[in-house]
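Remarks on the overall topology
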Amino acid sequence: MVLILTKEDVMSVLEMKDCIDVLDKAFTELAKGTAVLPLRIGIRPPGGIALYMPAYLKEMNALACKIVTVYKDNPNKHDLPTTIGKVLLQDPKTGEVTCIMDGGYLTAVRTGAVSGLATKYLAREDPGQTAAIYGAGVQAKMQLWGVHEARSLSKAYVHDKIPGSAEAFAVEMSEKLGIPVEATDDQDKLLSADIICTATSSPEPIFDGSKVKEGAHINGIGSHSPNARELDTVIVKRSKFIADSREGCLSEAGDIMIPLEKGEITADHIHADLGEIITGTKEARTSQSEITLFKSNGLAIQDSATAKLVYEKASELGIGTEISI
Ligand SMILES: NC(=O)c1ccc[n+]([C@@H]2O[C@H](COP(=O)([O-])OP(=O)(O)OC[C@H]3O[C@@H](n4cnc5c(N)ncnc54)[C@H](O)[C@@H]3O)[C@@H](O)[C@H]2O)c1
């Protein structure tokens, strides 16, 4: 039997804190060498791109493949979202597919969770910190949830280039998290934050890196192609740079690839992978004034670990529909 989980099913069982905890284990496995993470495979049918993201985590017993498609004309021509994702979970012992679940909400939560995880290990630890979120879309909301879970924020700022969307974000997220959230275009306010998340669709740098305050922690999650970047060279150079995966960053992240190509930094500017920080192989923050920067491109281990978590919770609670294929 295969368990089918809709977006609503996934939403009803997936909590940010649990997701941060399983990602902690998944990145530990990646650092220890017990994870299998092939590079994602891309196919370009007419009108879009289909990405296949498999990963196996031995100790977590999690084997899954996410299929994500990006079809830019979907909303106008077919009344469908641009990005569609499904995750197929397998039993590693038999290979049998045990669950097929919606991947949209799961992707947003696991992307927020990896920023929460990086924040937990890299941000300063003093209480009452503030956050600034660039972008007010789907990912941005989960970024705020993820960092709030890691540091119990006292206040958050949000900025988006589309008028009104930051205001709507502020109302929704203030209610969800129980903290003040202020929509603003004031860069000084945004860059005075202790924790900054960039979760926009911008291909160009979105703030002046010289204005980020000392001691800040940044999570950059929006851009993930060689020619696009949300972060300027100044902030990359000022920061201790931590990658979700060094290999991924050097093949997908314009934030680091563009300054590398221009000869403004060298590849050894990447201080560590997140897993190396978690396992203590590489040092995290060493001072209150250091700026730390975590760059996420999104890894299939995040999807496999999160899908296993969702499946176990749904099975325990009797959520979803079982079918025989
Ligand atoms: N790292 C990962 O694992 C991961 C996972 C999923 C999505 N993403 C990426 O995250 C980005 C955001 O995804 P989403 O689903 O939230 O998209 P979305 O379209 O819902 O939101 C993006 C928002 O960014 C805003 N924006 C664009 N340029 C801006 C600028 N210069 N300043 C402020 N706001 C700006 C847009 O107005 C929009 O509201 C995309 O680039 C997506 O590919 C990354």
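Scroll up to find the structure.
Residues numbered from 1 in each chain as written. Predicted model: local features only at pLDDT ≥ 70, side-chain atom pairs only at ≥ 80, totals over all residues.

1. Observations concerning the overall build of the protein
Looking only at helices and strands, the protein has twelve helices and 16 strands in total. Relative to the globule expectation of 20 Å for 325 residues, the C-alpha radius of gyration of the protein, 19 Å, shows essentially globular dimensions. Out of the 325 residues belonging to the protein, those deemed buried represent 48%. Restricting the contact set of the protein to residue pairs at least 6 apart, pairs at least 24 apart contribute 72%. (Helix = DSSP H or I, 4+ residues; strand = E, 2+ residues; numbered from the N terminus. Rg over C-alpha atoms; globule rule 2.2 N^0.38 Å. Buried ≥ 20, exposed ≤ 12 C-beta atoms within 10 Å, placed from the backbone. Contact = placed C-beta atoms within 7 Å.)

2. Thoughts on the site of the ligand
Around the ligand, the surrounding shell holds 26 residues, and the nearest of these are Gly-137, Gln-139, Thr-200, Ser-202 and Gly-298. Within the residue set of the shell around the ligand, elements represented by two or more residues are α4 (104–122) and α5 (138–151). Sort the elements by how many residues they give to the shell around the ligand and α5 lands first, with three residues. Within the shell around the ligand, the residues separate by chemical class into eight nonpolar, 16 polar and two charged. (Near = placed C-beta within 6 Å. Nonpolar A, V, L, I, M, F, W, Y, C, P; charged D, E, K, R; others polar.)

3. A word on the environment of Ile-133
Within the secondary structure layout, Ile-133 lies in strand β8 (residues 130–134). Given 30 C-beta atoms within a 10 Å radius, Ile-133 is considered buried. Separated by 60 residues in sequence, Ile-133 and Ala-193 place their C-alpha atoms 9.4 Å apart. Once you skip the residues sitting within four places of it in the chain, Ile-133 turns out to touch Ala-140, Gln-143, Leu-144, Ala-156, Val-158, Cys-197 and Ala-199.

4. Some thoughts on unusual backbone geometry
Even without being a glycine, Asn-61 presents a positive backbone phi close to 60°. Secondary-structure assignment places Asn-61 in the loop between β4 (49–57) and β5 (62–70). The exposure class of Asn-61 is exposed, given the 11 C-beta atoms found within 10 Å.

5. Considering the sheet that holds strand β12 (residues 217–220)
The strand order across the open sheet formed by eight strands is β10-β9-β8-β11-β12-β15-β13-β14, and the pairing between neighbours is parallel. Edge positions in the open sheet fall to β10 (181–183) and β14 (270–273), since each of these has one partner strand only. Ignoring strand direction, the axes of neighbouring strands in this sheet form an average angle of 20°. Pairing between strand β13 (residues 239–243) and β14: three bridges, direction parallel. From the neighbouring strand, Ile-242 faces β14, where its bridge partner is Ala-272. In this fold helix α6 (residues 165–177) packs onto β9 (155–159) and β10, with an angle of close to 175° to the strand it touches most, β10. (Pairing = 2+ DSSP bridges. Axes fitted to C-alpha atoms, helices over the stretch in contact; angles between N-to-C directions.)

6. With respect to the pairing of β13
Side-chain positions along a regular strand alternate between the two faces of the sheet. Counting buried residues in β13 gives five out of five residues, a clear majority hidden from the surface. By the alternation rule, side chains of β13 split into Ser-239, Phe-241 and Ala-243 and Lys-240 and Ile-242, which are all buried. Both β13 and strand β15 (residues 291–295) contribute to a ladder of five bridges, which runs parallel. Opposite Lys-240, over in β15, you have Thr-292 as the bridge partner.

7. Here we look at the packing of helix α2 (residues 16–32) against α5
Between α2 and α5, whose axes approach to 10 Å, the crossing angle comes to 75°. On the basis of the axis angle, α2 is roughly perpendicular to α5. For the pair formed by α2 and α5, the contact residues are Met-16, Lys-17 and Ile-20 on the first element and Trp-145, Gly-146 and Glu-149 on the second. Residues of the contact of α2 with α5, tallied by class, amount to three nonpolar, one polar and two charged. (Parallel < 35°, antiparallel > 145°, perpendicular 65-115°, else oblique.)

8. Side note on α2
The first and last C-alpha atoms of α2 sit 24 Å apart over 17 residues, in line with the 24 Å expected at 1.5 Å per residue. Among the residues of α2, those classed as buried are Cys-19, Ile-20, Val-22, Leu-23, Ala-26, Phe-27, Glu-29, Leu-30 and Ala-31. Immediately downstream of α2, the backbone of Gly-33 shows phi near 90°, a positive value. (Expected span 1.5 Å × (residues − 1).)

9. A word on helix α12 (residues 300–317)
The first and last C-alpha atoms of α12 sit 26 Å apart over 18 residues, in line with the 26 Å expected at 1.5 Å per residue. Taking burial as the measure, the 18 residues of α12 include 13 buried ones, the bulk of the element. Looking at the residues trailing α12, positive phi occurs at Gly-318, about 70°.

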